[in-house]
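Survey of secondary and tertiary structure
Take a look at the letters that make up each chain.
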Amino acid sequence: VIIAPTHRSYYDFLIISYICFVLPELGIDIPHIAAAFEFSNLPFLGWIAASMNAFFIKRDGKKRDFRLKQILTSIMSKKQKPSFLEVFVEGKRSRNRSFVKPKTGFLRCIAELGGNHLVLPITINYEALPDQSSLINEASRNRREN
């Protein structure tokens, strides 16, 4: 099962994992999270993500991370019941709350592995984003650079 939430905040992956943990009656194990390789270098968040079943892949938009197929095969072969993967198909957070054009490489790799896969789209809506101030700072920095 591929859980595909929209990516509005860095808290999205924490929220999905938390819901899966506190509501076992849903029957959804804490998912393995596909995260950008750069995320693994963040001092505290990288460690938290790794401890929450994250695996880190290189995403440059031109070619697929050669390790991705190996990682996915390993995850899917470990369990008898369905494996749960969480991927942000947009590839990055939306800076302005709009939808970002999805990247298809991850889903294409899943399809190449064969078998039946279910994509579960999810959206998390916020009245105010928890990291709103950082988005404002990023946007104002980008305007000055252009």
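Check the entry above for the structure.
Quantities reported herein were computed from a predicted structural model and do not represent experimental measurements.

1. Section: the packing of aromatic side chains
Counted by the stated rule, this structure contains 1 aromatic pair. Just above the ring of Phe37 sits the side chain of Lys58; from NZ or CZ to the centre is 5.2 Å.

2. Focus on the environment of Phe88
Inspection of the secondary structure assignment puts Phe88 in the loop between β4 (85-86) and α4 (105-112). Take Phe88: its relative accessible area is 6%, and that puts it in the buried class. The spacing of Phe88 and Ala4 is 84 residues in sequence and 5.7 Å in space, taken between C-alpha atoms. Sequence-distant contacts of Phe88, that is, excluding residues within four places in its chain, are made with Pro5, Thr6, His7, Asp12, Phe13 and Arg59.

3. Describing α4
Regarding α4, the residues found buried are Phe106, Cys109 and Ile110. Seen along its axis, α4 keeps its buried residues to an arc of 100°; they face one direction. Among the structural elements, β1 (2-5), β2 (32-36), β3 (54-57), α3 (68-77) and β4 are those in contact with the buried residues of α4. Immediately downstream of α4, the backbone of Gly114 shows phi near 80°, a positive value.

Quick notes on the rules
Position numbers for residues count from 1 along each chain, tracking the sequence in the order it is written. Local features in this predicted model are restricted to residues of pLDDT 70 or higher, and side-chain atom pairs are both shown and tallied only at a pLDDT of 80 or more, whereas totals for entire chains, interfaces and linings draw on every residue. As a rule here, side-chain values come from all non-hydrogen atoms in the structure, and water together with hydrogens is ignored. Stacked, tilted and edge-to-face are the three classes assigned to paired rings of Phe, Tyr and Trp, where Trp is represented by its six-membered ring and a pair needs centres within 6.5 Å; plane angles under 30 degrees give stacked, over 60 edge-to-face, the rest tilted. Charge-over-ring placement is defined geometrically: NZ (Lys) or CZ (Arg) within 6 Å of the ring centre, and within 35 degrees of the ring normal. Only DSSP runs of H or I reaching four residues or more are called helices, and only runs of E reaching two or more are called strands; each is numbered from the N terminus. With a 1.4 Å probe rolled over the protein chains alone, any residue whose accessible area is under 20% of its type maximum counts as buried; one over 50% counts as exposed, and the rest are partly exposed. For this analysis, residues touch if any pair of their heavy atoms sits within 4.5 Å. An arc is given here, and it is the one of the directions from the helix axis to the C-beta atoms.

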